[in-house]
Amino acid sequence: MAGTADTSVEDGDGIRTFPFPVGLSVGGVGIQVGPMGTGRTWHADAPLERVHRIDFHIVLLFTGGPVRHMVDFAEYEASAGDVLWIRPGQVHRFSKTSEYRGTVLAMQPGFLPRATVEATGLYRYDLPPLLHPDEAQSAGLRAALAHLQHEYDDLATATLPLSLHTSVLRHSLTVFLLRLAHLAASSAEAARRQADTTFTLFREAVERDFPTNHSVSAYADALGYSRRTLVRAVRAATGETPKGFIDKRVVLEAKRLLAHTELPIGRVGAAVGFPDPANFSKFFHQHTELTPAAFRAELR
């Protein structure tokens with residue numbers, strides 16, 4: 001897929017965007033299907049290991065692994081049977097050290113009609129790039145992709161008029177993408193349910209332990225999650241970080257005690273995990289812009 005003229009565009013941020021290499025497609029159609037392999041690139045001046053964008057879709061169905069691939073600041077690790085779906089405009093980079101094995105599909109925007117684009121969620125950037133189909137889903141995807149590749153390869157033999165063959169390709173591509181879209185949507189729903197479960201367990205742990213535990217890492221370890229998993233789950237549920245969630249709970253309890261009890265301020269601090277009154281005062285002021293004494297005075 002190398003050897004095209006330089007028609008890339010450099011964004012204001014210096015990231016180059018490369019167009020779909022339509023001149024390298026069989027029959028000049030808006031898709032390409034073929035094996036992954038070394039030396040395969042979207043453009044002669046677009047080394048795969050450099051960060052870049054493309055203005056078309058790439059779907060990689062892996063038969064080997066592990067393969068590490070960066071998409072929009074996140075590193076994904078794919079194994080045999082996994083699918084990686086990179087959408088137009090996403091910044092990505094291939095790994096120098098990974099061997100890519102499997103089938104790659106490239107799709108030019110506009111190749112499919114709008115109704116199909118909407119039905120297949122081609123521009124659902126909220127869906128995860130890396131998908132892990134189960135055995136049945138994987139078999140369906142492989143069969144649909146194999147049929148699509150057969151139709152694409154058959155273009156070279158011209159068994160049908162090009163216009164008719166292009167129509168067949170669109171229908172075959174739609175079958176594959178409908179399966180892929182269902183997988184992506186169900187994966188997102190499963191991830192949401194898992195995130196809900198993770199956040200619920202975290203919330204319960206914070207409610208129980210916040211007087212003595214303000215450490216995100218300690219909560220993650222106790223719950224058996226990575227810190228990154230916990231951050232994703234809490235952010236999805238609340239829009240804030242786990243540390244922010246813990247601190248808000250600590251501040252709320254401190255306000256309750258300051259407003260509704262006669263406990264000395266030092267005792268209030270100790271009750272929410274600050275044995276040193278100075279540290280408690282600094283923490284409280286940082287989150288409320290008031291000292292504990294000033295907050296209490298405002299309510300009296």
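Residues numbered from 1 in each chain as written. Predicted model: local features only at pLDDT ≥ 70, side-chain atom pairs only at ≥ 80, totals over all residues. Heavy atoms only, no water.

1. Some points on unusual backbone geometry
Outside of glycine, negative phi angles account for most residues, and trans bonds account for most peptide bonds.
Part 1 of the argument: Of the consecutive residues G65 and P66, the connecting peptide bond is found in the cis state with omega at 5 degrees.
Part 2 of the argument: Mapped onto the secondary structure, P66 falls in the loop between β5 (57-62) and β6 (67-71).
Part 3 of the argument: Look at A158: it is not a glycine, yet its phi comes out positive at around 55 degrees.
Part 4 of the argument: Tracing the backbone through its elements, the reader meets A158 in the loop between α2 (135-154) and α3 (162-209).
Part 5 of the argument: Phi at E289 is positive, roughly 65 degrees, even though this residue is not glycine.
Part 6 of the argument: Inspection of the secondary structure puts E289 in the loop between α8 (277-288) and α9 (292-298). (Helix = DSSP H or I, 4+ residues; strand = E, 2+ residues; numbered from the N terminus.)

2. Observations concerning the packing of aromatic side chains
Part 1 of the argument: For the structure on display, the rule yields 11 aromatic pairs.
Part 2 of the argument: Judged by centre distance (6.4 Å) and plane angle (45 degrees), the rings of Y123 and Y125 are tilted.
Part 3 of the argument: Note on Y123: relative accessible area 36%, which makes it partly exposed.
Part 4 of the argument: Take Y125: its relative accessible area is 40%, and that puts it in the partly exposed class.
Part 5 of the argument: With a centroid separation of 5.7 Å and 80 degrees between ring planes, the pair formed by F202 and Y219 is classed as edge-to-face. With F202 in helix α3 and Y219 in helix α4 (residues 216-223), this pair connects stretches of sequence that are 17 residues apart.
Part 6 of the argument: We classify F202 as buried; its relative accessible area is 0%.
Part 7 of the argument: Aromatic rings pair up to connect F274, F280, F283, F284 and F295 into one cluster. (Phe/Tyr/Trp six-rings, centres within 6.5 Å; stacked < 30°, edge-to-face > 60°. Buried < 20%, exposed > 50% of the residue type's maximum accessible area, 1.4 Å probe, protein only.)

3. Remarks on the sheet that holds strand β3 (residues 31-35)
Working definition: the strands of a sheet are paired by backbone hydrogen bonds and lie parallel or antiparallel to each other.
Part 1 of the argument: Taking strand neighbours across the sheet as the criterion, the 5 strands line up as β3-β10-β5-β8-β11 in an open arrangement whose pairing is antiparallel. Edge positions in the sheet fall to β3 and β11 (130-131), since each of these pairs with one other strand and no more.
Part 2 of the argument: As paired strands, β5 and strand β10 (residues 102-107) are joined by 6 bridges and run antiparallel to one another. Residue pairing for β10: L60 is matched across the bridge by V104. (Pairing = 2+ DSSP bridges.)

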